[in-house]
Amino acid sequence: MKNYNLQSIVEIVSGQLIGDGETLIEQIFFDSRLIVHPVNGIFFALAGNQKDGHLYIADAYHKGIRNFVVSQPIQHYDNINQIIVQNPLTALQKWAQYHRQKFSIPIIGVTGSNGKTIVKEWLNQLLWKNFNISRSPKSYNSQLGTALSVLQLTDVTTLGIFEAGISMPNEMEKLEEIIRPTIGVLTKIGNAHLENFQNEQQLIQEKLKLFTNVNKLVYNIENIQLHQTILSDKHLSKIDRITYGYSKEAVVQIQQIISQEINTEISILHNNEIYTYSIPFTDDASIKNSLICLTTLIALNVDYKEYVNGFAKLLPIEMRLEIKEAINNSVLINDSFNSDLNSLKIGLNVLNQQAKERKTLVLTDILQSNLPDNELYQQTADLVNPYQFTEIVLIGNKISKHKNLFQSYVRSYTSTEEFLTHFKSQNVYNEAILLKGARPFQLEKISEELETRTHDTVLEINLQHLIQNINTYRSLLKPSTKMMCMVKANSYGVGSFEVANVLENNGVDYLGVAIADEGKELRKAGISLPIIVMNPEQSSYSTVIDYQLEPEIYSFRVLDLFVKKLKEKQISRPYPIHIKLETGMNRLGFHEEEYEHLIDTLKQTPQVFVQSIFTHLATADMEDEKEYVNYQLKRFNNGYNILSDGLNIKPIKHCLNSPGIVAFNDHQYDMVRLGIGMYGYSEYTDFMNKKLQPVVQFKTVISQISTLKIGETVSYGRRFKAERESRIATLPVGYADGIRRSLGYGKGKVGIHGKLAPITGTICMDMMMIDVTDIDCNEGDEVIIFGSYPTLADITKDLDTIPYEVLTSIDMRVNRVYYKD
Ligand SMILES: *Cc1c(COP(=O)(O)O)cnc(C)c1O
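These numbers come from a predicted model, not from an experiment. (Residues numbered from 1 in each chain as written. Predicted model: local features only at pLDDT ≥ 70, side-chain atom pairs only at ≥ 80, totals over all residues. Heavy atoms only, no water.)

## Description of the site of the ligand
With respect to spatial proximity, the complete set of residues near the ligand consists of Met486, Lys488, Tyr492, Met534, His616, Asn657, Ser658, Pro659, Arg673, Gly675, Ile676 and Tyr804. Contact distances for the ligand include 2.7 Å between a nitrogen atom and a side-chain N or O atom of Arg673. Between the ligand and the protein, one listed contact pairs an oxygen atom with a backbone N or O atom of Gly675 at 3.1 Å. Coverage of the ligand by the protein chains reaches 93% of its 390 Å² of free accessible surface. When its residues are assigned to classes, the shell around the ligand shows 6 nonpolar, 4 polar and 2 charged. (Near = heavy atom within 4 Å. Polar contact = N/O pair within 3.5 Å; in protein donor to acceptor, adjacent residues only side chain to side chain. Areas by Shrake-Rupley, 256 points an atom, 1.4 Å probe, with all protein chains shown as cover. Nonpolar A, V, L, I, M, F, W, Y, C, P; charged D, E, K, R; others polar.)

Laid out in structure tokens, this is it:
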């Protein structure tokens, strides 16, 4: 979405404008909590299920929004622009519809009861090398979500892939008008949302309305009811129907499916030729979804034979199911999002894949169904019984009435609270637990009890403070300045997925990793932000490309090798790269005398395009080295100008790290690269103490306290000798956890009840001792190694190092625990 000003929008939505029609709009908001970058943004006050969007106008205004679409005029604020319409959602949909009509590219519309998001994401994984794809973010498929999705189409898009989801009759027509697909794709049709329809036929007919204007349709010919309905439809019976299935009539005819341990080989017959491909999954749904993708490739006129590699490398899509480590060596599978038989089936399947002897099911009343109770719970029991649970816990009045249908040791409760009063955590051990229930039962209260959190030594990460710190740095930036966050080295040792996930959800524009494998892990975990790899090793270019990571290019050698790999992989659209300039760090980067040759080379290399040009400052954190920073900035500006003039492009320009953002704010250019500052640390201590919040707390508990007589000694080598009667506490943490041995002998201190206790004697591999003679404390009490007091800055000083080294030294065996308060 580009090139819309308020005047053009008001015409499209037939509203009334109060304010400046010239104002350019480039971002849409509807949830004021999600506003981080208000620049050129417009807020739609939508009527929500619970709360009216008009109630959040003040919040949006305070976050910097000055453009609004409302049904009730805003009175209280000056200097705002507003478009008044009858219904803001309808206005947004009209805009999307208008926007859609500007494109004559293939648009794939995906609908069905299950698998929409997976099929969309898999198509993207398969096709991104050859198309510039706009697709629905996450699972945006509602009346609102489809409009927002379609507005993502831009001038460079060559393919759109959008989901449409309905739960009620008469919803699809509107979605069709918005998406206006040219290729229709139907995934599995099951029972989800069937409760709102008279029968399956009505549901099918509603779904098919998405395809009113398509010229090709992909579906499973084995769904007889669906097939008959399509054949008897005036429009659909005449279009190009590309079917798959075992039937001889299918265009893509399944020949053989062989599942091995972790992958499945699928052979199909198409155009009288047998073709075999393999996917890294064995479950039925994935096999079907891969067939839908392959059939869609045919609909797109691309040659599926070139996608063997793509199919073999398909990634799982993050589901709503959460799998977590639980207490006493157990695993917990948590799905309290849906409450229907279909999603129970998925949960049971996942549970079955866990290698645990004991299996427990916690199941509540099922709410999303229109079956009579007798039948519903009979079906539920039929589904559950084959899994031979060690124990089943039923919660809710309805399901409890049918407890006799379940064949294992069954306990039943009327509510989650009642269950919790009887719950004993020590009875849980070495088991796989599936928590499956409807929202109102609040099963999260049970998962809180079950999740592992009771380790003695943990690294706690306060994600709320992380967000606050990011926003503090953001407040130093112009609204248009982009933010890259550095998550290299496992996010400075803190945990990369969890941090990246928070960053993705809080409006960060780019992520930075050190090596390709770090980026790959983030992609596998479902992170979709652009990711730059700062130090792409030669052996990892394949990974870089396969996982859509963007390499830093710092020399001709690297450029040449990377382009070779692009050619080898037949990537047909220009690949984004980031040019690093050497300006004074003398580490990596192109040198001044290479610029002319670099321009010539890039002009002759259509395989890549320069997404950004950057450099790195050596002394941004040093008060007395400002001059050197200025020297580097001058060289950088000069280099940027030569390259951007020579190539006639304006790539993203960036150079500031965390201390640079504080001290050289005028040089933020188009983007900054935030690292250590996220965790609440700054060399500019005034700034740190006033504006930042500590994110990381390393803590443990006292294992034992001993009383020593004068002259007794502590630990290896007897380097501590009691000069008075002393109380010595032993902590279950040592140098193998990342506590430097040099902190022993009284050099380092830890915090207990707000007081500091010196580390006495030699630090051992897994333990260390502290002197608590002057502190009132007991065995089992909490000890802060660093965090609130002493702070990360304190321990950094004791060690005479930098906080980066302290954080990245904490061994992975220390449990990371994340929370938002
Ligand atoms: C690590 C890194 C940063 C972030 O540095 P901080 O000092 O942690 O803010 C920025 N740019 C590059 C190139 C980096 O490698």
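Anyway, onward from the coordinates.
## Overview of the sheet that holds strand E7 (residues 81-84)
Across a sheet, strands are paired by hydrogen bonds formed along the backbone, either parallel or antiparallel in direction. What the 5 strands build is an open sheet, ordered E2-E7-E6-E5-E4; its pairing is mixed. Two strands bound the open sheet, and with one partner strand each, they are strand E2 (16-18) and strand E4 (27-29). Going across the sheet, the axis of each strand differs from the next one's by a mean of 20 degrees, ignoring polarity. Where strand E6 (residues 67-70) and E7 come together, 4 bridges link them in parallel fashion. Along E7, the bridge assignment pairs Asn67 with Asn81. Against the sheet, helix H1 (residues 6-13) makes contact with E2, strand E5 (41-44), E6 and E7, and its axis sits at roughly 10 degrees relative to E7, the strand it touches most. (Pairing = 2+ DSSP bridges. Helix = DSSP H or I, 4+ residues; strand = E, 2+ residues; numbered from the N terminus. Axes fitted to C-alpha atoms, helices over the stretch in contact; angles between N-to-C directions. Contact = heavy atoms within 4.5 Å.)

## Focus: the UniProt feature "modified residue: N6-(pyridoxal phosphate)lysine" (unreviewed entry) in the chain
UniProt records the feature "modified residue: N6-(pyridoxal phosphate)lysine" (unreviewed entry) for Lys488 in the present numbering. As for its placement among the helices and strands, Lys488 is situated in helix H17 (residues 488-492). Lys488 sits in the partly exposed class, given a relative accessible area of 29%. With near-sequence residues (within four places) excluded, Lys488 lies in contact with Gly512, Val513, Ala514 and Glu518. (UniProt positions renumbered as here; feature names shortened; annotations may be inferred. Buried < 20%, exposed > 50% of the residue type's maximum accessible area, 1.4 Å probe, protein only.)

## Comments concerning the UniProt feature "active site" (unreviewed entry) in the chain
Feature annotation in UniProt assigns "active site" (unreviewed entry) to the following positions: Lys488 and Tyr716. Sequence-wise these annotated residues cover 229 residues; spatially they are dispersed, their C-alpha atoms as much as 36.7 Å apart. Within the secondary structure, Tyr716 sits in the loop between strand E34 (713-714) and strand E35 (720-721). The residues contacting Tyr716, other than those within four sequence positions of it, are Thr762 and Cys764.

## Details of the sheet that holds strand E12 (residues 216-220)
The 9 strands lie next to each other as E9-E10-E8-E11-E12-E13-E14-E15-E16, forming an open sheet whose pairing is mixed. Each having just a single partner strand, strand E9 (133-135) and strand E16 (273-279) make up the two edges of the open sheet. Averaged over all neighbouring strand pairs, the angle between strand axes comes to 20 degrees, with direction disregarded. Pairing analysis gives 3 bridges linking E9 to strand E10 (residues 159-163), with the strands arranged parallel. If you follow Arg135 over to E10, its bridge partner there is Ile161.

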